[in-house]
Amino acid sequence: MKRNYSGCAVCNSTWGNVWAEVEGERMFFCCDICATQFRRLVDRVKTETGWSTLDSLEIAGDRRGRTCVAGSGDESFRCFVAFTPQGEIRIFEKLAR
Amino acid sequence: MTSCPACLRPLGQGDLPALAAHLVEEAEESDPAHVRWLNQNLTREKTTAAELVPMLERVYDLGSGTLKGWIKARFIAKFYGPVPHPFVTALQHPSRATLLGYVVEHQHFLRQWVRSCAYIMARTDEPKVILYELDNLNTEYGGAGPTRVAHYELLLRMGESLGLDRTRVLTTPPLPSTREGIEGWNRIATHQHWVAALAAMHSLELIANRNLVDDGASVHYFDPAILDSKEITDAATNFLREGYEADVTHSDEALDLVNEFGSRPDLRDEVQSTFLRSIDLFDDYLLARLQRAADFEA
Ligand SMILES: [Zn+2]
Ligand SMILES: [Zn+2]
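Computed from a prediction, not measured in an experiment: that's the story for all the values here.

Scoring rules and cut-offs
Residues numbered from 1 in each chain as written. Chains lettered and ligands numbered in written order. Predicted model: local features only at pLDDT ≥ 70, side-chain atom pairs only at ≥ 80, totals over all residues. Heavy atoms only, no water. Pairing = 2+ DSSP bridges. Helix = DSSP H or I, 4+ residues; strand = E, 2+ residues; numbered from the N terminus. Contact = heavy atoms within 4.5 Å. Axes fitted to C-alpha atoms, helices over the stretch in contact; angles between N-to-C directions. Donors = N, O, S within 2.8 Å, 3.2 Å for Na, K, Ca; no water. Buried < 20%, exposed > 50% of the residue type's maximum accessible area, 1.4 Å probe, protein only. Core = buried A, V, L, I, M, F, W, Y, C linked by side-chain atoms within 4.5 Å. Tetrahedral: all angles 85-135°; square planar, octahedral: opposite > 155°, others 65-115°. Polar contact = N/O pair within 3.5 Å; in protein donor to acceptor, adjacent residues only side chain to side chain. Phe/Tyr/Trp six-rings, centres within 6.5 Å; stacked < 30°, edge-to-face > 60°. Lys NZ or Arg CZ within 6 Å of the ring centre and 35° of its normal. Buried area = accessible area lost by both parts, 1.4 Å probe. Salt bridge = Lys/Arg side-chain N within 4 Å of Asp/Glu carboxyl O. Nonpolar A, V, L, I, M, F, W, Y, C, P; charged D, E, K, R; others polar.

## Comments concerning the sheet that holds strand β1 (residues 2-3) of chain A
Residue and element names in this part refer to chain A. Pairing within the open sheet is mixed, and its five strands lie in the order β1-β4-β5-β6-β7. Each edge of the open sheet is held by one strand with a lone partner, namely β1 and β7 (89-95). The pairing of strand β6 (residues 75-83) with β7 spans six bridges and is classified as antiparallel. Paired with Phe83 across the two strands is Ile89, which belongs to β7. Sitting on the sheet, helix α1 (residues 32-49) touches β1, β4 (56-62), β5 (65-72), β6 and β7, and the angle it makes with β6 is about 135°.

## Some thoughts on the coordination of the zinc ion (ligand 1)
Reference values for coordination geometry: four tetrahedral donors around a metal ideally subtend 109.5 degrees, six octahedral donors ideally subtend 90 or 180 degrees. Residue and element names in this part refer to chain A. Summarising the metal site, the zinc ion (ligand 1) is bound by the protein donors Cys8 (SG), Cys11 (SG), Cys30 (SG) and Cys34 (SG), whose distances to it range over 2.3 to 2.4 Å. For the zinc ion (ligand 1), the single-chain donor residues occur in sequence as C-x2-C-x18-C-x3-C. Remark: Cys34 occurs in helix α1 and Cys8 occurs in the loop between β1 and β2 (18-22); sequence separation between them is 26 residues. Taken individually, Cys8 and Cys34 each receive the classification buried, so the pair is uniform in this respect.

## Considering the nonpolar core
The nonpolar side chains of soluble globular proteins are, as a tendency, buried together. With 128 residues, the main nonpolar core has Phe29 and Phe38 of chain A together with Phe75 of chain B as its most contacted residues. Residues in contact with Phe38 of chain A, not counting those within four places in the same chain, are Met1, Arg3, Ala9, Val10, Val22, Met27, Phe29, Leu57 and Ile59 of chain A.

## Let's talk about the coordination of the zinc ion (ligand 2)
All names here are of chain B. Coordination sphere of the zinc ion (ligand 2), protein contribution only: Cys4 (SG), Cys7 (SG), His22 (NE2) and His34 (NE2), at 2.0 to 2.3 Å. Considering all four donor atoms around the zinc ion (ligand 2), the spread of angles at the metal, 105 to 113°, places the coordination shape in the tetrahedral class. Read from N- to C-terminus, the donor residues coordinating the zinc ion (ligand 2) fall into the pattern C-x2-C-x14-H-x11-H. Residue Cys4 is found in the loop between β1 (2-3) and β2 (10-11), and its partner His34 is found in helix α2 (residues 32-42); the two are separated by 30 residues along the sequence.

## What about the side chain of Thr2 of chain B?
All names here are of chain B. For Thr2, the position within the fold is in strand β1. Accessibility expressed as a relative area gives 0% for Thr2, which makes it buried. One polar contact links the side chain of Thr2 to the main-chain amide nitrogen of Gly14, over a distance of 2.9 Å. Every residue in contact with Thr2, bar those within four places of it in the chain, is listed here: Arg9, Pro10, Leu11, Gly12, Gln13, Gly14, Asp15, Leu19, Asp269 and Ser273.

## A word on the packing of aromatic side chains
In total, this model carries 20 aromatic pairs over all chains according to the counting rule given. Considering the side-chain rings of Phe77 of chain A and Phe92 of chain A, the 6.4 Å spacing of their centres and the 15° angle between planes classify their relative orientation as stacked. Separated by 15 residues along the polypeptide, Phe77 of chain A in strand β6 and Phe92 of chain A in strand β7 bring together distant segments of the chain. Like Phe77 of chain A, the residue Phe92 of chain A is buried in the burial classification. For the pair Trp185 of chain B and Tyr285 of chain B, a centre-to-centre distance of 6.2 Å together with 85° between the ring planes defines the contact as edge-to-face. Residue Trp185 of chain B is found in helix α10 (residues 176-191), and its partner Tyr285 of chain B is found in helix α13 (residues 265-293); the two are separated by 100 residues along the sequence. You'll find Trp185 of chain B and Tyr285 of chain B in the same group, each marked buried. Cluster of aromatic residues (ring-pair linked, three or more members): Phe75, Phe79, Phe109, Trp113, Trp185, Phe282 and Tyr285 of chain B. Over the face of the ring belonging to Tyr244 of chain B we find Arg210 of chain B, whose NZ or CZ atom lies 4.9 Å from the ring centre. Above the plane of the ring of Phe87 of chain B lies Arg289 of chain B, whose end atom (NZ or CZ) is 4.8 Å from the centre.

## Topic: the interface of chain B and chain A
In this assembly, 26 residues from chain B lie in contact with 18 residues from chain A. Summed over both sides, the interface of chain B with chain A buries roughly 1900 Å², with 55% coming from carbon and sulfur. When residues of chain B are sorted by the area they lose upon contact with chain A, Ser30, Arg44 and Lys46 of chain B head the list and together hold 26% of the total. Our count for the chain B to chain A interface comes out at two salt bridges. Here chain B is connected to chain A by 13 residue pairs in polar contact (both at pLDDT 80 or more). Among the elements of the structure, α1 (16-28), α2, α10 and α13 of chain B are those that each provide at least two residues to the side of chain B that touches chain A. Partitioning the side of chain B that touches chain A into residue classes produces ten nonpolar, eight polar and eight charged.

Purely geometric numbers; function is a separate question.
What follows is the structure in structure tokens.
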């Protein structure tokens, strides 16, 4: 899956040492909470779009809320997401393309 | 004694190199509280402990100001920056759901509040601090007859005015972030120096301090216009007005006491770290109010 961050897939931090498998790929996260957030986000995007896989996921923003652009084949999907301190989705809004 | 601002582990007095080494070590284990603290307060880029030391010095430095000023500035930066905390944004013109989320979670918060303040009273020798806490506890919890109803009771009445029975409020368990906050504040009140606990608890009353805008806060806790409109119920007005009126003196007086008793070099960094831990707990707790509000959204 193509991502825009070289550090933690959610927050780009390079602290920590969590390696978790998401969509069959080993990815780096700064902590378990970011790993949970990423998994929840990928699952939610798949549910909303009906896609079976994601080819790309770009994330921008901070812990107060993140804007995401997901891609699969030649389709794309934009959303806004915010999480609880435990990493569950608190707000999820589909955005216009 | 310095404490770690992420876990409150005691470290040597003023020993920022030991704190830096501890943070790096815990981050290596991916501990979420330590990684978060590093990410939000120092840097997202993994560095050595030696490189963290000057960053820590900048965080803890009071410059030419006071401990009170440092606490206020940090609090404003976290909750009242250009983008305020999402709960504050929701409270500007609150929906019924937002106010009910506030009621359900805050009931738990206030019960811990009493415990924390009682510990401070039990552990201090300063009459000024005891008198301050007695007054605070009466306003928040005890009340004084029908003309001075406690904040806790006003909270429950606000819930009732919005159709939420108090029995249901009192039997709803806290959300995880509220529970973690309560456990954290209880630990602070029982393990940290009493003046550090005083700073950790009463700095939180800055959230409703209407004078904070004079110190650079981007907005008030809520739009004061709602107090004179029909936008919210009378009971909600009474609850919010009480905080609006009490919390200026509550937070200012407490921070004056923190300044007076906590500025000593052997206490100051413990006060600072304990405050930093407390505002992280509070940030999560405020999100729990919003999370709970979602239960009441139609
Ligand atoms: Zn992360
Ligand atoms: Zn620690």
